[in-house]
Amino acid sequence: MADAFLSLSHISKSYAGVQALDDVSLIVKPAEIHCLVGENGSGKSTLIKIIAGVVSPDEGQIVINGKPFPRLAPMDAIREGIQVIYQDFSLFPNLTVAENIALNYELSRNTRIVRWGEVRRLAQAALDKIGVRLPLDAEVESIPVADKQLVAIARALVQNARLIIMDEATTALTEKEIRALFGVIRNVQRDGVAVLFVSHKLNEVLEIADKAMIIRNGKVVVDADAAALDRNKLVYYMTGRRIDEADYDYVPQSKQPLLEVSHLSSPGNFEDISFSLYPGEIVGVTGLLGSGRTELALSLFGVLPAMRGEVRIDGQLVRIRDIQSAIRHGIGYVPEDRLTEGLFLDQSINRNIVIRTIDTLRQAGGLLSPARLEAHAREWINNLSIKTSNPELPVKSLSGGNQQRVVLAKWLASKPRILILNGPTVGVDVGSKTELHEIIKSLAGEGIGILVISDDIPELLHLCNRILLMRRGRLAGMFERAVLDENKLTTLLTESTTIGSAVPSPQVQ
Amino acid sequence: MLKKLFSRQETLVGITLVALCLLIGTINPVFWTPGNWFDLARSATVTGIFAIGVLIVLVSGGIDVSFTAIAVFSMYTTTVIMNQIGFQGGMVAFFALSAAIGALLGLINAFFIARFRLPTLIVTLGTQSLFRGFLLFVIGSKIIRDLPPGMAQYSGAFLFTVTDARGITVGLHSAVLFLVGVAIIAQLLLRHTMLGRSIYALGGSREAAERAGFNLVRTQVFIYAFVGVLAGIAGMIYGGLNRQANAQDIVGQELDVIAATVLGGASIAGGRGSVVGTLLGVLLVTVMSNSLILVGIPSIWQRVVIGAIILIGTAVPAIRALHTARRANVDIEPVPAE
Ligand SMILES: Nc1ncnc2c1ncn2[C@@H]1O[C@H](COP(=O)(O)OP(=O)(O)OP(=O)(O)O)[C@@H](O)[C@H]1O
Ligand SMILES: [Mg+2]
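Being a predicted model, the structure only gives us computed values, none of them experimental.

Contacts between the two partners involve 33 residues from chain B, matched on the other side by 48 residues from chain A. Both sides of the chain B and chain A interface together cover about 3400 Å² of buried area, and 57% of this is carbon and sulfur. Counting across the interface, chain B meets chain A through 4 salt bridges. A salt bridge links R272(B) to E141(A), with the nearest nitrogen and oxygen atoms 3.1 Å apart. Counting residues per element, the side of chain B that touches chain A draws most heavily on helix 9 (residues 194–204) of chain B, which supplies 6 residues. Across the side of chain B that touches chain A, the residue classes tally to 13 nonpolar, 8 polar and 12 charged.

Next up on the list: the side chain of S45(A). All names here are of chain A. Of note, S45 is situated in helix 1 (residues 44–51). In terms of polar contacts, S45 uses its side chain to reach the side chain of Q87, at 2.8 Å. Side chain to side chain, S45 and D167 meet in a polar contact 2.6 Å long. If we ignore the near neighbours within four places in the chain, the residues touching S45 are Q87 and D167.

This next bit is on the confidence of the model for chain B. All names here are of chain B. Averaged over chain B, the pLDDT score is 87; the fraction of residues at 70 or greater is 92%. Mean pLDDT across the elements of chain B ranges from a minimum in helix 1 (residues 2–6), with 61, to a maximum in helix 9, with 96. Residue range residues 328–338 is modelled with pLDDT below 50. Its contacts to residues more than four positions away, or to other chains, number 33 contacts. Model confidence for the complex is summarised by a pTM of 0.84, with the ipTM given as 0.88.

With that settled, consider the site of ligand 1. Residues and elements named next belong to chain A. Taken together, 20 residues are adjacent to ligand 1, and K44, S45, T46, S399 and G401 come closest. Within the backbone of G41, one N or O atom sits 2.8 Å away from an oxygen atom of ligand 1. Residue S45 places a side-chain N or O atom 2.7 Å away from an oxygen atom belonging to ligand 1. Taken together, the elements giving at least two residues each to the shell around ligand 1 come down to strand 2 (18–28), helix 1 and helix 14 (400–413). Looking at the shell around ligand 1, its residues break down into 4 nonpolar, 13 polar and 3 charged. Residue-level mapping places the shell around ligand 1 at the junction of two domains, with at least three residues from each of domain 1 (6–239) and domain 3 (343–415).

This part is about the nonpolar core. Side chains that are nonpolar tend, in soluble globular proteins, to be buried together. Ranked by internal contacts, the top residues of the largest apolar core, which has 165 residues, are V97(A), I101(A), I185(A), F50(B), F214(B) and I237(B). The contact partners of V97(A), leaving out residues within four places of it in the chain, are L134(A), P135(A), L136(A), A138(A), V140(A), I143(A) and V151(A). Residues L258(A), Y333(A), I467(A) and M470(A) belong to the second largest nonpolar core, which totals 81 residues.

Residue and element names in this part refer to chain A. The residue N217 is not glycine, and still its phi comes out positive at about 45 degrees. Among the secondary structure elements, N217 is positioned in the loop between strand 9 (211–216) and strand 10 (219–225). Residue H263 is not a glycine yet carries a positive backbone phi of 50 degrees. With respect to the secondary-structure elements, H263 resides in strand 11 (residues 259–266).

Right, let's get into the coordination of the magnesium ion (ligand 2). Between any two of four tetrahedral donors, the ideal angle at the metal is 109.5 degrees; between two of six octahedral donors, it is 90 or 180 degrees. All names here are of chain A. Protein coordination at the magnesium ion (ligand 2) comes from S45 (OG) and Q87 (OE1), with a distance range of 1.9 to 2.1 Å. Within this pair, whereas S45 is found in helix 1, its partner Q87 is found in the loop between strand 6 (82–85) and helix 3 (97–108), the two being separated by 42 residues in sequence. Pair check on accessibility: S45 and Q87 agree, each one buried.

This next bit is on the domain arrangement of chain A. Residue and element names in this part refer to chain A. Parsing chain A into structural domains produces domain 1 (6–239), domain 2 (248–330 + 416–509) and domain 3 (343–415). Distance from the C-alpha centre of domain 2 to the C-alpha centre of domain 3: 27 Å. Facing the 16 residues of domain 2 at the interface are 12 residues of domain 3. Summed over both sides, the interface between domain 2 and domain 3 buries roughly 1100 Å², with carbon and sulfur atoms accounting for 68% of that surface. In terms of surface lost to domain 3, no three residues of domain 2 exceed P416, L436 and I439, which account for 36% of the buried area on that side. Viewed at the interface, domain 3 and domain 2 are joined by 1 salt bridge. Where domain 2 touches domain 3, the interface holds 3 residue pairs in polar contact (both at pLDDT 80 or more). Listed by contribution, the elements that provide at least two residues to the side of domain 2 that touches domain 3 are strand 17 (418–422) and helix 15 (430–445). Ranked by residue count, the leading element in the side of domain 2 that touches domain 3 is helix 15, at 5 residues.

Reading the values: the criteria
- Residues numbered from 1 in each chain as written.
- Chains lettered and ligands numbered in written order.
- Predicted model: local features only at pLDDT ≥ 70, side-chain atom pairs only at ≥ 80, totals over all residues.
- Heavy atoms only, no water.
- Contact = heavy atoms within 4.5 Å.
- Buried area = accessible area lost by both parts, 1.4 Å probe.
- Salt bridge = Lys/Arg side-chain N within 4 Å of Asp/Glu carboxyl O.
- Helix = DSSP H or I, 4+ residues; strand = E, 2+ residues; numbered from the N terminus.
- Nonpolar A, V, L, I, M, F, W, Y, C, P; charged D, E, K, R; others polar.
- Polar contact = N/O pair within 3.5 Å; in protein donor to acceptor, adjacent residues only side chain to side chain.
- pLDDT = per-residue confidence, 0-100.
- Near = heavy atom within 4 Å.
- Domains from an automatic or database assignment.
- Core = buried A, V, L, I, M, F, W, Y, C linked by side-chain atoms within 4.5 Å.
- Buried < 20%, exposed > 50% of the residue type's maximum accessible area, 1.4 Å probe, protein only.
- Donors = N, O, S within 2.8 Å, 3.2 Å for Na, K, Ca; no water.

Written out as structure tokens, the structure is:
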């Protein structure tokens, strides 16, 4: 007991009628990797904010390093050696990568005068620790999500932390960076640093955890050695049920492809991409970071118009010059960086959901009926089981995973004919992931063509009837679901040589 | 590297400024005379000091429209006090007193903004009326032309004078030193101190700044008190140069100053802006309002031209930002208006 670094006892916290945490106790010892798992909205981030001194609990005690803190302030937590990688990154968009990494450290050691050379040196050293190269002078606003997440991680490593808390710190990262991160975690563990790790990727949890605490609806369900747990047990404790997911059963609906892409190129991003998408199909697009998969999606959505090649919709040649023309052709796109780019955080949940469809909800005379908007939003809140006590609250008040669902709701509500989903279930808990998959499958069943960009292998296998593999901007293979299994797809994804066994596009009978 | 330089608002404004000077100077060579330049420096001084204050507030994510009221309040009250005590000393004491009054009024802003977290625009709109009303009804509203000696002599405090070909003597007023000093201090503060960086952090993301442990109350108290000091000094310069204390003056200029600052690259949304950009923005606006007359543009049209330049100058970076945002990472969508 005496050697605990952090000890929380009987912590409770409620928000306007929602009991986010209910009598939670947690002990973290030095050099211990403690995982925290639970469904979206179960209270994980709230617990972390309490440890960081950002949110104060209604009840309960916090003891750090043997010292009780009746009113823990953020600076107290930082001075005691607690570093948090927040789910929303908590970066300064207007400052450079280097300054974002070094600023908090400079602040905590009471620096008065900023030495820019030192700032860069600190930043570079932190980036070297996780083995990534980022442009030190780029403004954080202008870099991709995965890089933002790496900046947030590097920032936590600058300080000589005693406890590093990672609230879903791997959501935007690919396998390679996750490996590097785990390497770093094991390194700091050897120095006696404790890690509190939150993730919805249960394989990660099982791989790294010494101990695991499972919370459901704000209450601790299990706090045990990780060795005693397996995937099924975790899922069961989290959701209170067992989850079985059936693979998507694609029934060809038409001989006419919905979308035909031929020889599409965008120099520097991707080259010579050809494939087609039939109504009712769910086609996966996968590849490592930098394989051009996101750029391909952006080009189909008119953000990065392609330089060469053709796109046909219903057999008609179309030119997608900008987003407006993509939307006119019935294309919807759910972006990768939903948390920071896809929402009006201060606006209500209702408003965020109806924003894309507001035109169609207009009544005669152009007026909007609040009741109608609300009913429409409520339908989607139910469909996607968005967990909220009141849809008039700002989106900001939702848990991270529930914010993601709001973005999905917004786009699904606009009923596109071709839907491009970039990482549709990133940050969503296992139970809800299955629910979202069911929704995606039923949309496809109604004749929508869906492209799913993901590197979540089980997800691709459950959802897709066909999978495209991209590598360094080119199509490296096209596979029927039937010829793949988890191992095969994993190998394909990480393999560096080109594959010859590509299967041609499906023949519709 | 070069590309980056050219994509900056500062560069853009700088180039426009030089081009404008060349154009005006070619049409009317009077533009190049020392007399004209000294006039420009004199006009830019007060606006420039105000603009540096506005810059700091904008960077922190706020907006202040009360600084003109603080300026006129501090200047007028200082004049009244000095007259009443029959102060015979030099101008330094006037600046000190006016700055102190300005700081005090700034602290009133800071109190509402930092303590109660009220929106800065609402608070400063309120205090603007409050300060001005208090000045006019309690302290006085008559124009004071009978100034204390120190203040009366200030308008003749030239750094140096030159006599041109026609035998007219013109001088560069020493007030310009205030602008130089304020600019240097602001530059050092914003760029090289943790306090300055906390202002950028606050403007970039308040939540992230709180989580990092910044003492935001202290930062905001500093910002509004500092702006009060700058307003007090600028107001005193204004009164001294005009050789009168007029309680009706200055208020009404605040939007022009904010526009010049935004033209210089400061973002209304917070987190962005530089001292160099601000100075260039102020110079551009000053050259336009002082010198368009030299090329025969009637004064009623000047406002139109200035308005157009500000519109273009602020639209260009906004459009460019949209483009880069589209290219980088995106939820790019046509947002229906609320
Ligand atoms: N500021 C707030 N106002 C109102 N309710 C809030 C606020 N912050 C959190 N909540 C509620 O508290 C509950 C717990 O949220 P929390 O963010 O801790 O969940 P989480 O476990 O981190 O979920 P996720 O996996 O989705 O990130 C949710 O029901 C959420 O809506
Ligand atoms: Mg969370």
